[in-house]
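Survey of secondary and tertiary structure
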Amino acid sequence: MSVPILEVVDLHAAYGRIEVLRGVDLSVPKGAVMALLGPNGAGKSTLIQVISGQKKPTSGDIHLAGVHVQRQAPEALARVGLCTVPEGRSVFPNLTVEENLRLMSYAGVPAAAVLDTAFGYFPKLHQRRGQLAGTLSGGEQQMLAMSRALASDPALLLLDELSMGLAPLIVEELYDTVAQIAASGVSILCIEQFARTALRVSDYAAVMSGGRIVASGEPAEVLNTMSDVILGGAA
Ligand code: ATP
């Protein structure tokens, strides 16, 4: 078996004295899409923050394609192939779509390639390239945030709640694009409240509860055995 793109071993993290990651073990195979599901407060966002270098763990190990990356800054992680689309998006509202994208070329990726990738996946952004990002719809802002993350040609993309505040139809469209991105060879770990939508494009699913992974496996199997935990009502 090849080395996983992401391997998390016995990861712990806390806010002050409250431990919210309590020994997380997670393995994402290279080229796979994995959905990370679970109830509010389970620790999913905290896990993404620790993996992406925004929050320091108290202990444990993180390997990216076999390389130990724990405690590296987000910029250093981007250089070794890990990029995040954070919850709540991250676009510069007072810059145009094109300016937002061109800013990503700082890391040595030619601006033309950044624009090509963005407009290839999201033709709507091409139509709106002269528009201020702050005036885009929520779905379009999410497209821009995803395009910015794709600019550095990541090996692993972390997606935190793509669906946040968006209409179900837009969420479905975004996940269709997630599937296309994965088909181009990018591995993806996504946190999602719309469990069924995320599972539709996922190869694997993991369920988090109380700061630990409590189930993992094929989407259908996880949905079957953990539906009460991951659906929790609507999704
Ligand atoms: P949600 O879907 O609600 O974001 P989650 O699974 O992503 O849930 P986290 O956001 O990681 O869960 O939160 C895990 C726990 O840590 C929760 O009890 C939350 O209240 C707490 N928590 C999160 N952020 C902070 C913070 N900045 N300071 C203190 N506690 C926090």
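Residues numbered from 1 in each chain as written. Predicted model: local features only at pLDDT ≥ 70, side-chain atom pairs only at ≥ 80, totals over all residues. Heavy atoms only, no water.

Of the regular secondary structure elements, the protein holds nine helices and 10 strands. In terms of overall dimensions, the protein is globule-like: its C-alpha atoms have a radius of gyration of 17 Å, near the 18 Å expected for 235 residues. Dimensions of the protein along its principal axes, counting C-alpha atoms only, are 45 × 40 × 35 Å. For the protein, the residues scored as buried account for 49% of the 235 residues in total. Put simply, the protein shows about 10,500 Å² of open surface, and 52% of that area lies on carbon and sulfur atoms. If you average the places of the 17 positive and of the 22 negative side-chain charges in the protein, the two averages end up 6 Å apart. (Helix = DSSP H or I, 4+ residues; strand = E, 2+ residues; numbered from the N terminus. Rg over C-alpha atoms; globule rule 2.2 N^0.38 Å. Buried < 20%, exposed > 50% of the residue type's maximum accessible area, 1.4 Å probe, protein only. Areas by Shrake-Rupley, 256 points an atom, 1.4 Å probe, with all protein chains shown as cover. Lys, Arg positive; Asp, Glu negative; His and termini not counted. Charge placed at Lys NZ, Arg CZ, Asp CG, Glu CD.)

A few words now on the sheet that holds strand 5 (residues 67–68). Here we have four strands laid out as an open sheet, ordered 2-1-4-5, and antiparallel in their pairing. Single-partner strands in this sheet number two, and they are strand 2 (18–28) and strand 5. Bridge count between strand 1 (residues 6–15) and strand 2: eight bridges; the pairing is antiparallel. Residue pairing across strands places Ala13 opposite Leu21, the latter belonging to strand 2. On the sheet, helix 1 (residues 44–51) packs against strand 1, strand 2 and strand 4 (59–64) and is oriented at approximately 110° with respect to strand 1. (Pairing = 2+ DSSP bridges. Contact = heavy atoms within 4.5 Å. Axes fitted to C-alpha atoms, helices over the stretch in contact; angles between N-to-C directions.)

What follows covers the packing of aromatic side chains. Summed over all chains, the structure comprises zero aromatic pairs. In this structure, Lys55 is placed above the aromatic ring of Tyr15, and the distance from its NZ or CZ to the ring centre is 4.2 Å. (Phe/Tyr/Trp six-rings, centres within 6.5 Å; stacked < 30°, edge-to-face > 60°. Lys NZ or Arg CZ within 6 Å of the ring centre and 35° of its normal.)

Neighbouring the ligand are Tyr15, Val20, Pro39, Asn40, Gly41, Ala42, Gly43, Lys44, Ser45, Thr46 and Gln193. Between an oxygen atom of the ligand and a side-chain N or O atom of Lys44, the distance comes to 2.8 Å. Here an oxygen atom of the ligand sits 2.5 Å away from a polar atom, N or O, in the side chain of Thr46. When isolated, the ligand has an accessible area of 630 Å², and the protein chains bury 56% of it. (Near = heavy atom within 4 Å. Polar contact = N/O pair within 3.5 Å; in protein donor to acceptor, adjacent residues only side chain to side chain.)

What follows is about the nonpolar core. Ranked by internal contacts, the top residues of the largest apolar core, which has 49 residues, are Leu157 and Ile188. Two domains each provide a minimum of three residues to this core, namely domain 1 (1–81 + 154–234) and domain 2 (90–153). Residues within four places of Ile188 in sequence aside, it is in contact with Val28, Ala32, Val33, Met34, Leu156, Leu157, Leu159, Val178, Ile181 and Ala182. In this structure, Ala13, Ile62, Leu82 and Ile191 belong to the second largest nonpolar core, which totals 27 residues. (Core = buried A, V, L, I, M, F, W, Y, C linked by side-chain atoms within 4.5 Å. Domains from an automatic or database assignment.)

Here we come to helix 6 (residues 138–150). The periodicity of an α-helix, 3.6 residues per turn, causes residues three or four places apart in sequence to face the same way. Between its first and last C-alpha atoms helix 6 spans 18 Å; for 13 residues at 1.5 Å apiece the expected length is 18 Å, and the two agree. Of all the 13 residues making up helix 6, 12 are buried; the element is thus mostly covered by neighbouring parts of the structure. Looking only at helix 6, the buried set comprises Gly139, Glu140, Gln141, Gln142, Met143, Leu144, Ala145, Met146, Ser147, Arg148, Ala149 and Leu150. Residues of helix 6 that are buried in the fold lie against strand 6 (82–85), helix 3 (97–102), helix 4 (111–121), helix 5 (123–127), strand 7 (156–160) and helix 7 (168–183). (Expected span 1.5 Å × (residues − 1).)

Looking at the assigned domains, one finds that the protein contains domain 1 (1–81 + 154–234) and domain 2 (90–153). When each unit is reduced to the centre of its C-alpha atoms, the spacing between domain 1 and domain 2 is 24 Å. The partner domain 2 presents 12 residues to the 14 residues of domain 1 that form the contact. Summed over both sides, the interface between domain 1 and domain 2 buries roughly 1,100 Å², with carbon and sulfur atoms accounting for 72% of that surface. Considering only the side of domain 1, the residues that lose the most area to domain 2 are Pro154, Leu174 and Ile181, jointly responsible for 40% of the buried surface there. For the pair domain 1 and domain 2, the number of links is zero salt bridges. Joining domain 1 to domain 2, the criterion identifies two residue pairs in polar contact (both at pLDDT 80 or more). If you tally residues by element for the side of domain 1 that touches domain 2, the top one is helix 7, at seven residues. For the side of domain 1 that touches domain 2, a count of residues per class yields nine nonpolar, three polar and two charged. (Buried area = accessible area lost by both parts, 1.4 Å probe. Salt bridge = Lys/Arg side-chain N within 4 Å of Asp/Glu carboxyl O. Nonpolar A, V, L, I, M, F, W, Y, C, P; charged D, E, K, R; others polar.)

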